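# Chain and residue survey
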Amino acid sequence: MADLASDSPAAAPRPGSLAAGSARLRKRRRAELRLKIYGLSAIGIAAAALIALLSTVVFQAGGALFTTYFDKEIRLDTDFLEVTPSSDPETIRRADFDALIDRSLEQRFPLATGRQELRELHDLVSGGASFELADHVAATPDLLGQSINFDLIGSDTLDLYKQGAYGQLDQQPVNGLLSVSQLEDGSLAVSSSANDFADALRQVKAQLYDDAERLRAQADRQQNAVNVYGERADAAETAEEREENLADQADAIEKRDALLAEAEALVARAEGAGGAEEVDEENVSLFLKAGGGWMHLTEVNRQSGTGEMLTQVDLPIEDSENWSFHIMPSPEADRPFSDNQIAWTETLKEAGLIERVFNTRFFTAADSRAPELAGIWGAVVGSFWTMIVTFSLTFPVGVLGAIYLQEFAPKNRFTDFIEVNINNLAAVPSIVFGLLGLAVFLSFFGMPRSAPLVGGIVLALMTLPTIIIAARAALRAVPPSIREAALGVGASKVQAVFHHVLPLAMPGILTGTIIGMAAALGETAPLLLIGMVAFIVDVPSGITDSATVLPVQVFRWSDFPERAFEAKTAAAICVLLTFLVVMNALAIFLRKRFERRW
Amino acid sequence: MNDMRLIERAVDMDDIKISARDVQVYYGDNHAIKDVGVDIEDKTVTAFIGPSGCGKSTFLRCLNRMNDTIDVCRVEGDIHLDGEDINARQVDPVQLRAKVGMVFQKPNPFPKSIYENVAYGPKIHGMAATKAELDEIVETALRRAALWDEAKDRLDTAGTGLSGGQQQRLCIARAVATQPEVLLMDEPCSALDPIATSQVEELIDELRANYCVVIVTHSMQQAARVSQKTAFFHLGNLVEYGETGKIFTNPEDERTESYITGRIG
Amino acid sequence: MLFALFLLVPVAAAAAYVTARQRATALSTAAGQRLHSRPQHHGLHSALWVLIAGWGALIVLTVVGEALIQRVLMARISDALPDEGPLQWNLVLSDARSFAQGAVSSEMDPLRERIAGAFSWMNGTRLWLTVLATLGGAAAAAWWTYKGITVEARARVQSETIIRRGLAVMATVAVLTTIGIVFSLIFETVRFFNAIDWQLHKFLFGTTWSPLSGVFEGEMDADKVGIVPLFAGTLMITLIAMLVAVPVGLFAAIYLSDFANHRVRAVVKPVMELLAGIPTVVYGFFAAITVAPLLRDTGEAIGIRVASESALAAGLVMGIMIIPFISSLSDDVITSVPQSLRDGSLSLGATKAETIRKVVLPAALPGIVSAIVLGVSKAIGETMIVVMAAGQGPNLTGNPLEAMTTVTVQIVALITGDTEAETAAGPAFTLGFTLFVMTLLMNMLAQRLVARFREAYD
């Protein structure tokens, strides 16, 4: 290092020639590459999250696009309904169309007799179908006494079955000839001349292993409980507490042993070679179609089995080759759509009476507790009214306030305070605005609950800082020369601002406003607190009607246990996202179209 | 600095440090540098002059490939440093910039202490094995930049707290600390007051003993004061290149003369 | 009716504008000299006063009248039903009101009919008074300004003063909102602390949160209002969220600002904006429907029990939500570190990575810390994701695989739950107040940090 100070830098150590990559340089380059890779993977993670989110939603939403209808011939029996064409329309509407539809289904499937079976049969049709039929008949009373073809809306479970949500009915190849005869106890003896059921038997046995596995997993969980109670008992401070835990432990041990024993039994059954195997509702369902009707098997062997009639079958069948065999892989106990319902649905489908059509109701109806009847329109209109209120408050107040702060406000402590306050308000959690709305507008001013009026005001207050900040930025971007030019020809400050600065800042202000409104449109939490989460079946017609909004509708539906609501939720999200995308696109368009560089 | 000195200096023409041929620079569609070719000598101060927007700074940034950092910028042509093509594929700009240091128009010390500012380059290049070595490098660099006496008692204070002239000398110290062979200076005095300017100019003259210095300036007086060779750029072209004394007293090109006499600028 | 009246006022103002302008024009012609203010300024002046008087009367009478009617009727109901509580009184009142407005009411009795009668009389009177005062006020304002039109009248100056004041009033709405928030929160918070005899330590350090178990109206058990389990859940979820959002957001910001070319930026920036624009309820759905079951099943497959409402699921998704927030704020500060510093470092032969690590990031540090603080504040206040994907029951644990609840979840549960509003409001608003104070402090800290950054580089 001594030569550093000399006048001969050529003799000093060099970082190396240009081309030669030293080991140190390679290391430094690798560090750079690593940073780049971290950055790229970060972006990849964000993009993957977005894709996962959107594809979940879109994939789920598909189920809500279509709905299932029965095209059913119904005789409008005046005696049964106790009305005549000359009755008052209101009376007609109140007639028992529900029972009429049920009766016409029962006539179609006379085998359904038990309470459970009848309920399953009635459940094929949505509860909303009778209202539609009633409205239709009330509008044209002359139909009474005639037979009409009417599209009855199917229930949500029927629709899910049609979508394949419970698995597909899987047709098996058959080689033999089928014989079916009725035994004394009413069950059917089924046999084929070939080993047509061998594969099914294998599946039934495999299912037993799965079941045993599941039972063992449950037993494991009980074992956990046993351990936990044991630990608690050991750590217990009082004898009483100890006793309690030991009792719980004993319970858990008992449950565990029962589960394990059950699993053992299942495995033993599965391992027993050959022989008839019972097909219970925990196992796959085996369907036979022959003799003009449907059966399912309750016991199966390679070539034979015991069956049960689901729809009317012409007996006896002898050496018929005109039959088919189907397996439903999901166990009956796991799906809310029974074997009976499957048989009825398939029968109706063969008759060409079931159709899946585009679900217009989803876009025109308001909320309902029944998934097949629920629609998004009520929430869309609710959102519309709420946004009207929000916009008409927040836009003028925000823009005028921003003009004051940017153009007129003297620099003093009060305006500083307002500035700090606006910045802080922008970061207040939205739920706090909900509490504000609850305390001030509902409790203090006594405004109506669940109304777009209150929701709109709360969202307006929440959006206000965003709009003020955006509007100020837009005003700040207008160069001072514009103001000076206006003032220079003798305009007052107010005139300069309103005639020259504001119009130039308007595109920027509008962009900020649209983005703020989009945020307000997607906001949920504060609205929950002011009661917009109520169940509202009417489309609101004004800002003081009870209403719900799109994001709250999403929240409500996501909370319902019915599986069909999952698709509705996703579809509602799609509608919401569509609105947001349109608004954001508009904002981007405005920004691009009117962007001005000074 | 008097004209006598300019004349008495005999420059060895063989000692060429940087040689550029047919350099073209494009900013997007804008052709900013056209067919520039120049040989820059070692141990010499070379000044680039010309009206603003003439491309002199752009060309300077080609010499240590700082233009790489600008997305839309594209450089063509050959630039050789000691006979090596700096735009060759196997050349790492990082390596190049360690050899070709740069000082910018506005002093840009890092928001760190004076010591850390100067030690930054040696540290990243691994030039010092021990703290003592690093201390020595920092001291040498600060001495070369004529800042040692002012800064030695406040090495731990922020570099941004110095005055403008001191900041610029700190930046020069920072550049010198990596022991470059070439120092590029992009209008190093344009943000400084006259006193600081003369200090920096004196420093440049001293640096000539060790380095090949290239300075861009919009001040003809400055060029005349500090440089031995001068290149005049106009609208992206290198109009004239030669001994500073000759350019200022007897320019060959009409445009150079117009600029020198203040008719274009 | 009132809405029509509200719209009528601007119409009247427009009429006043035209009349005043004509009068001023006529005056100018008659006097043969220039007025101080142009005729349209006289028009504007007149119109502004009509608006102020009309809308002012309308709003004051509506609000005051409503409150007055409410108070009088409530007094009558409480006199008639001294044994009932406020809830029952409110019910009677709303029944009576809906009956008076012609709706079918659930239940009718003589008291309700009497109150309904009183309500319709009072309401009718108020309506007419409002109409009278609004139109009268507007007319008076028009007349007064009309008389004031003279050659010397400084209508422009006066109307511009009104406009400036109006603008200033608009600017204070934000302040009023803050005051409203603080007062509405403080009122219930004080009531709540009164109910627990100001045993603040039990609230702040208690480990049992079950404010509604076995309480009678307005009474609280101080041993069951400890917020520690709520904060444990909130902080756990926030921590998980930040562990996702900070590295991802920061590295994305670094890549975008210093490595990406403009084409990559043109694609990635909208993706980030899209992520930022997705409503939180959608993230909640994603957490509850996709992420939570995925975690549970994965856990089951490798033999770890993961609760289906685990803090991990909520935290992960919340992290995804905050990524664009952190990345855009950090991107802003990183890009506003001057290019000259980068050039300085690069010209010394530093690589881009070294420049970022040793020069850019240290310079941008206050801004980045501020972004992280804001991100934490956002995570703490976030509601929908945790309402949909986190647990309901307070659970003091350090295991992120278990269900944990948060402050915001409890606020929603208390307010939307079945408990009577009077009782639930206390703990809910107190939690809200705590949340408000926390986020406020964080925001102020963030602003101070950012101000320090801006001072250095703007």
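Helices and strands together make up the secondary structure of chain C, namely 15 helices and 0 strands. Here the C-alpha atoms of chain C give a radius of gyration of 31 Å, more than 25% beyond the 23 Å that 2.2 N^0.38 yields for 458 residues. The C-alpha extent of chain C, read off along each of the three principal axes, is 85 × 75 × 40 Å. Within the span of chain C, comprising 458 residues, buried residues form 48% of the whole. Here the contacts in chain C between residues at least 6 apart in sequence split such that 72% fall between residues at least 24 apart. Carbon together with sulfur atoms contributes 65% to the accessible area of chain C, which is approximately 20700 Å² in total.

This paragraph deals with the sheet that holds strand 2 (residues 30-41) of chain B. Strands belonging to one sheet form pairs held by backbone hydrogen bonds; the direction of such a pair is parallel or antiparallel. Residue and element names in this part refer to chain B. Taken in spatial order, the 4 strands of this open sheet run 2-1-4-5, and their pairing is antiparallel. Looking at which strands have only one partner, the edges of the open sheet turn out to be strand 2 and strand 5 (84-85). As paired strands, strand 1 (residues 16-27) and strand 4 (residues 73-81) are joined by 8 bridges and run antiparallel to one another. Within strand 4, the position partnered with V25 by the bridge is V75.

Of all 10 residues in helix 19 (residues 550-559) of chain A, 8 are buried; the element is thus mostly enclosed. The set of residues buried in helix 19 of chain A consists of L550, P551, V552, Q553, V554, F555, R556 and W557 of chain A.

All names here are of chain A. Across 4 bridges, the pairing between strand 5 (residues 188-192) and strand 9 (residues 304-309) is antiparallel. What sits directly across from L188, in strand 9, is G307. As judged from the 5 bridges shared by strand 8 (residues 293-300) and strand 9, these two strands associate in the antiparallel manner. If you follow H296 over to strand 9, its bridge partner there is E308. Hairpin connection of strand 8 to strand 9: 3 residues between the antiparallel strands.

Within the fold, K592 of chain A resides in helix 20 (residues 564-594). The exposure class assigned to K592 of chain A is exposed, which follows from its relative accessible area of 64%.

A word on empty space enclosed by the protein. All names here are of chain A. Summed over the entire model, instances satisfying the criterion amount to 4 cavities of 30 Å³ or more. Each pocket or cavity is described by its volume, and for the largest cavity that value is around 90 Å³. With 4 residues, the single largest contributor to the lining of the largest cavity is helix 7 (residues 156-163). Counted by class, the lining of the largest cavity contains 6 nonpolar, 5 polar and 4 charged residues.

So, about the packing of aromatic side chains. All names here are of chain A. According to the stated counting rule, one finds 27 aromatic pairs over all chains in the structure shown. Where F362 meets F363, the ring centres are 5.2 Å apart and the plane angle is 85 degrees; that geometry is what we call edge-to-face. Exposure remark for F362: the relative accessible area of 1% places this residue in the buried category. By the ring-pair criterion, three or more aromatic residues cluster together here, those being F66, F358, F362, F363, W557, F560 and F565.

This part is about the pairing of strand 4 (residues 178-182) of chain A. Residue and element names in this part refer to chain A. Sheet analysis places strand 4 next to strand 5, joined by 5 bridges and oriented antiparallel. Among the inter-strand pairings, S179 is bridged to a residue of strand 5, identified as S191. Count of turn residues in the strand 4/strand 5 antiparallel hairpin: 5 residues, of which G186 carries a positive phi of about 95 degrees. Pairing geometry for strand 4 and strand 10 (residues 317-320), over 2 bridges, is antiparallel. The partner of L178 across the bridge, within strand 10, is S320.

With that settled, consider the interface of chain C and chain B. Between chain C and chain B, the contact holds 21 residues from the first and 23 residues from the second. Roughly 1700 Å² is buried in total at the junction of chain C and chain B, and carbon and sulfur atoms are behind 62% of that figure. Joining chain C to chain B, the criterion identifies 2 salt bridges. D71 of chain B is paired through a salt bridge with R265 of chain C; the nearest N and O atoms lie 4.0 Å apart. At the surface where chain C touches chain B, the tally comes to 4 residue pairs in polar contact (both at pLDDT 80 or more). When contributions to the side of chain C that touches chain B are tallied by element, the ones reaching two or more residues are helix 8 (262-277), helix 11 (339-347) and helix 12 (352-381) of chain C. Of the residues that constitute the side of chain C that touches chain B, the class distribution is 8 nonpolar, 9 polar and 4 charged.

A surface patch of like charges, here positive, comprises R24, R26, K27, R30 and R34 of chain A together with R357 of chain C. It is helix 1 (residues 23-61) of chain A that provides the largest number of residues to the positive patch, a total of 5 residues. For R30 of chain A, the position within the fold is in helix 1. Given the relative accessible area of 48%, R30 of chain A is considered partly exposed.

Before going further, it helps to spend a moment on a negative patch on the surface. Together, D79, E82, D96 and D98 of chain A make up a region of like negative charge exposed at the surface. Among the secondary structure elements, D79 of chain A is positioned in helix 2 (residues 78-81).

The next point concerns the confidence of the model for chain B. Do not read the fine detail of predicted coordinates wherever pLDDT is low. Residue-level pLDDT values for chain B average 88, and 94% of them are 70 or greater. Low confidence marks residues 1-13 of chain B, where pLDDT is under 50. Its contacts with residues over four positions away, or in another chain, come to 15 contacts.

Here the focus is helix 15 (residues 452-477) of chain A. All names here are of chain A. Compared with the 38 Å implied by 1.5 Å per residue over 26 residues, the 35 Å span of helix 15 between its first and last C-alpha is a close match. Where helix 15 bends most, the angle comes to about 40 degrees, and this point is T463, followed within four residues by the proline P465. Counting buried residues along helix 15, 19 of its 26 residues qualify, which places the element largely inside the surrounding structure.

Right, let's talk about the sheet that holds strand 2 (residues 147-153) of chain A for a bit. Residue and element names in this part refer to chain A. The strand order 2-1-12 describes an open sheet built from 3 strands, whose pairing is antiparallel. Each of the sheet's edge strands pairs with one partner strand only, and the pair in question is strand 2 and strand 12 (354-358). Across this sheet, the average inter-strand angle for adjacent strands is 35 degrees, counted without regard to direction. As paired strands, strand 1 (residues 66-75) and strand 12 are joined by 5 bridges and run antiparallel to one another. When the bridges of strand 12 are listed, F66 appears paired with F358.

Moving on, we come to the interface of chain A and chain C. Note: interface size is frequently given as the accessible area lost on complex formation between the parts. If you look at the interface, chain A gives 73 residues, while chain C gives 75 residues. With a shortest N-O distance of 3.5 Å, R221 of chain A and E300 of chain C are connected by a salt bridge. Tallying contributions element by element places helix 1 of chain A first for the side of chain A that touches chain C, with 21 residues. Of the residues contributing to the side of chain A that touches chain C, the split by class is 52 nonpolar, 13 polar and 8 charged.

We now examine the packing of helix 14 (residues 430-444) of chain A against helix 15 of chain A. Residue and element names in this part refer to chain A. The geometry of helix 14 relative to helix 15 is characterised by a closest axis approach of 9 Å and an angle of 135 degrees between their N-to-C directions. On the basis of their axis angle, the class for helix 14 and helix 15 is oblique. Along this stretch, helix 14 crosses helix 15, giving a crossing that reads as right-handed. Where helix 14 approaches helix 15, its residues S430, F433, G434, L436, G437, F441 and L442 are matched on the opposing element by V454, I457, V458, L461 and M462. The residue makeup of the contact of helix 14 with helix 15, split by class, is 9 nonpolar, 3 polar and no charged.

Residues and elements named next belong to chain B. By secondary structure assignment, the location of T230 is in strand 9 (residues 229-234). Under the relative-accessibility criterion, T230 is labelled buried at 0%. Within polar-contact distance, the side chain of T230 engages the side chain of T244 at 2.9 Å. Leave out the neighbours within four places in its chain, and T230 touches A47, I49, E240, Y241, G242, T244, I247 and F248.

Between L315 of chain A and the following residue, P316 of chain A, the backbone shows a cis peptide bond with an omega angle of -10 degrees. Among the secondary structure elements, P316 of chain A is positioned in the loop between strand 9 and strand 10. Its identity is not glycine, yet D82 of chain B carries a phi of approximately 50 degrees, on the positive side. Topologically, D82 of chain B is positioned in the loop between strand 4 and strand 5.

The rules behind each value
- Residues numbered from 1 in each chain as written.
- Chains lettered and ligands numbered in written order.
- Predicted model: local features only at pLDDT ≥ 70, side-chain atom pairs only at ≥ 80, totals over all residues.
- Heavy atoms only, no water.
- Helix = DSSP H or I, 4+ residues; strand = E, 2+ residues; numbered from the N terminus.
- Rg over C-alpha atoms; globule rule 2.2 N^0.38 Å.
- Buried < 20%, exposed > 50% of the residue type's maximum accessible area, 1.4 Å probe, protein only.
- Contact = heavy atoms within 4.5 Å.
- Areas by Shrake-Rupley, 256 points an atom, 1.4 Å probe, with all protein chains shown as cover.
- Pairing = 2+ DSSP bridges.
- 1 Å grid on protein atoms, 1.4 Å probe; cavity = no way out; pocket = protein on both sides within 12 Å on 5 of 7 lines; lining within 4 Å.
- Points joined across faces, edges and corners; volume = space filled by probe spheres on them.
- Nonpolar A, V, L, I, M, F, W, Y, C, P; charged D, E, K, R; others polar.
- Phe/Tyr/Trp six-rings, centres within 6.5 Å; stacked < 30°, edge-to-face > 60°.
- Buried area = accessible area lost by both parts, 1.4 Å probe.
- Salt bridge = Lys/Arg side-chain N within 4 Å of Asp/Glu carboxyl O.
- Polar contact = N/O pair within 3.5 Å; in protein donor to acceptor, adjacent residues only side chain to side chain.
- Patch = residues over 30% accessible without salt bridge, like charges linked within 9 Å, V, L, I, M, F, W, Y side chains within 5 Å.
- Lys, Arg positive; Asp, Glu negative; His and termini not counted.
- Charge placed at Lys NZ, Arg CZ, Asp CG, Glu CD.
- pLDDT = per-residue confidence, 0-100.
- Expected span 1.5 Å × (residues − 1).
- Bend = angle between axes of the 7 residues up to and from the residue.
- Axes fitted to C-alpha atoms, helices over the stretch in contact; angles between N-to-C directions.
- Parallel < 35°, antiparallel > 145°, perpendicular 65-115°, else oblique.
- Left-handed = near helix turned anticlockwise from the far one by under 90°.

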